[in-house]
Amino acid sequence: MSVIDILTRVDAICNKYDKYDVEKQKNLNVSGDDAFARGYAAVDAEIEAALEKAELASKEKSKASIVALNAELRRTKAKLLEEVPKLQRLAIKKVKGLSTEDFAARNDLVLALPDRIQAIPDGSAAAAKQPGGWGPSASHTEIKFDSDGRFDDEYFQESEQSNQFRQEHETRKRRQDQGLEMISEGLDTLKNMAHDMNEELDRQVPLADEIDSKVDKAASDLKNTNVRLKHTVTQLRSSRNFCIDIVLLIVILGIAAYLYNVLKK
Amino acid sequence: MSSDPDKLVAKADKLTKLTLTRWSADWRNATLNYEQAANAYRVAKKYEKAKDAFEKASKGQEMLTSPWDAAKHMESAAALAKELGNWNDVADLYRRASELYVECGRAQPASDALGKAARAVEDHLPDVAVQLYTDACSLLEEDDKDQMAFDLYRALTAVHIKLEKYTDAAAALLRLGLAADKCNASNSQFKAYLSAIVVYLYANDVKAAEKCYNDCSQIPAFLGSDQGRCGSRLISAYSEGNVEEIKRLAQSSTITHLDHAIIKLGRKLPTGEVTAVKAGTEEGEGLDEDDLT
């Protein structure tokens, strides 16, 4: 391990445990009586955690985990927003041992809280796309109204632009439908052919098994025949040797007879 | 051995005829001679003589208790008879060959022989062809080789449709379905059922088609399959009298995957008056209510 590694690791560990350290100090300072400080510290910690999660979400690659993290963030935000009015009430209460400056500061802090909570990015900011981009918008987020609720007559008038857009949308959808129909027919044919191939193969399996067994039998028959043939051939050859023996014997007998004749004379 | 086939045949005949000097016929040599003569005739394109020589050779093989070779010779004889155009002969020779194959215990070549016979005569003697196809299918089914019977059933259906005997065609298709069921060939089975429904509709027999559909729906897999859905849509289109729907369904891909003969029938749907069916079903509903009460 290099020195740099050691340093980074020590830094990380200190940071982790610093948290506890600071909390302890704060708790000692506050002496456990000040509900506001406690609540505020808790909300602060939760905001920090939420910001961390938001950063994680922005770095995530898989859409499903992004969606899950964003949903969790929104839940946390809603919870924190609920806590804010409680904290406001606590802030107004006078606590002994607190200076007026601190008191004013508390109020400001509490007022700043909602903004900070809203500022936590949770993916809904990205969804406020212009409807000029066509096709179904990926609205897994809240529906945002551009006009802040001013629904007067003019708002619902069909503009030329929106008509055109709708027509284009319909034509493209029709073309898509046609393409999809062609694909579906092709797939039908493929499915039919695949089924037929399946049945054909099923038909041929027992035939192949029969061929297998017949060929095995033929092979063993051949082996048998070969072995017998070898035996026969060796026998034949040795019988040739046998004939040579007989011939030599006759020659010797002839020589013996000749010698006998010579000796008799 | 002289290569003149006539001489060979004469020699072989002499070998087999029992006379005072010859007490037992020499079938082996005779068969050899007959075979050689038959081949020579075939090369010389003398089909009549070749056929006769093959028949005699086959008889020789039978005498030598080798039914397989006998059957093979019979088949060759039958093929030559086909060249000659003696349809009755063709049928008889192929039947004889199939019997010999059955003697060997080989059902597959037996049914093949009958199939070839049926294919040869189906243009000229369709009834005989029907009989041959049916026999071939039963041979295979006895031997549990249903898969091979599919093609034969399809050919049988085509023959029936050509003869315009639509009930028979539908019956053949249902038997196809039964054979397919035995081997778990569900795709072929469902296609067979849908074809039967189409044939009934073509014959303008909507009631029979509905009955057929209901029977086939006993098999749950059929209901949920492509073919089952197409069938139900066809029947409902017929009962509503919706001609465009019928035409559209007939062009759909499910019908296109069936046999050629059935596709031709499907394209010609609907036949006859379709609106009349509406009144018929209303009557049917009235009867149903009576039955319920």
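Just so it is clear, the model here is predicted, and its values are computed rather than measured.

Definitions and cut-offs
- Residues numbered from 1 in each chain as written.
- Chains lettered and ligands numbered in written order.
- Predicted model: local features only at pLDDT ≥ 70, side-chain atom pairs only at ≥ 80, totals over all residues.
- Heavy atoms only, no water.
- Helix = DSSP H or I, 4+ residues; strand = E, 2+ residues; numbered from the N terminus.
- Buried < 20%, exposed > 50% of the residue type's maximum accessible area, 1.4 Å probe, protein only.
- Areas by Shrake-Rupley, 256 points an atom, 1.4 Å probe, with all protein chains shown as cover.
- UniProt positions renumbered as here; feature names shortened; annotations may be inferred.
- Contact = heavy atoms within 4.5 Å.
- Buried area = accessible area lost by both parts, 1.4 Å probe.
- Salt bridge = Lys/Arg side-chain N within 4 Å of Asp/Glu carboxyl O.
- Core = buried A, V, L, I, M, F, W, Y, C linked by side-chain atoms within 4.5 Å.
- Polar contact = N/O pair within 3.5 Å; in protein donor to acceptor, adjacent residues only side chain to side chain.

**Q** Just to check I follow, could you spell out the overall build of chain A for this structure?
**A** Each helix and strand counted, chain A has five helices and zero strands in total. Counting only residues that meet the buried cut, chain A has 11% of its 265 residues in that class. As displayed, chain A has an accessible area near 22,200 Å², and 59% of this comes from carbon and sulfur atoms.

**Q** What should I look at first to understand the UniProt feature "transmembrane region" (unreviewed entry) in chain A in this one?
**A** Here the UniProt feature "transmembrane region" (unreviewed entry) sits at residues 246-263 of chain A. Taken end to end, residues 246-263 of chain A is 100% helix and 0% strand, and its first and last C-alpha atoms sit 25 Å apart.

**Q** Just checking my understanding: could you explain the interface of chain A and chain B for this structure?
**A** Interfaces are frequently sized by the accessible area removed from exposure as the parts join. Tallying the contact residues gives twelve residues for chain A and 14 residues for chain B. Contact with chain B buries area across many residues of chain A, yet N192(A), E199(A) and R203(A) alone supply 52% of it, more than any other trio. At the junction of chain A and chain B, the tally comes to three salt bridges. Measuring nitrogen to oxygen at the nearest pair gives 3.3 Å for the salt bridge that ties K191(B) to D196(A).

**Q** Even after reading the chapter, I still don't get unusual backbone geometry, so can you show me in this structure?
**A** Glycine aside, a negative phi is what most residues show, and trans is what most peptide bonds show. Residue and element names in this part refer to chain B. Phi is positive for K45, which is not a glycine, with a value near 65°. Tracing the chain through its elements places K45 in the loop between α2 (27-43) and α3 (47-63). Positive phi outside glycine occurs at N204, with the angle close to 65°.

**Q** I keep staring at the nonpolar core and nothing clicks. Help me out?
**A** Where a protein is soluble and globular, its nonpolar side chains tend to be buried together. Membership of the largest hydrophobic core comes to 89 residues, with the highest contact counts inside it found for V199(B) and L201(B). The greatest single-element share of this core, amounting to eleven residues, is contributed by helix α10 (residues 186-202) of chain B.

**Q** Mind showing me how you'd approach the side chain of S195(B) here?
**A** Residue and element names in this part refer to chain B. Among the secondary structure elements, S195 is positioned in helix α10. Under the relative-accessibility criterion, S195 is labelled buried at 4%. A polar atom in the side chain of S195 sits 2.6 Å from the backbone oxygen of K191. Discounting residues that sit within four places of it in the chain, S195 has contacts with L173, L258 and I262.

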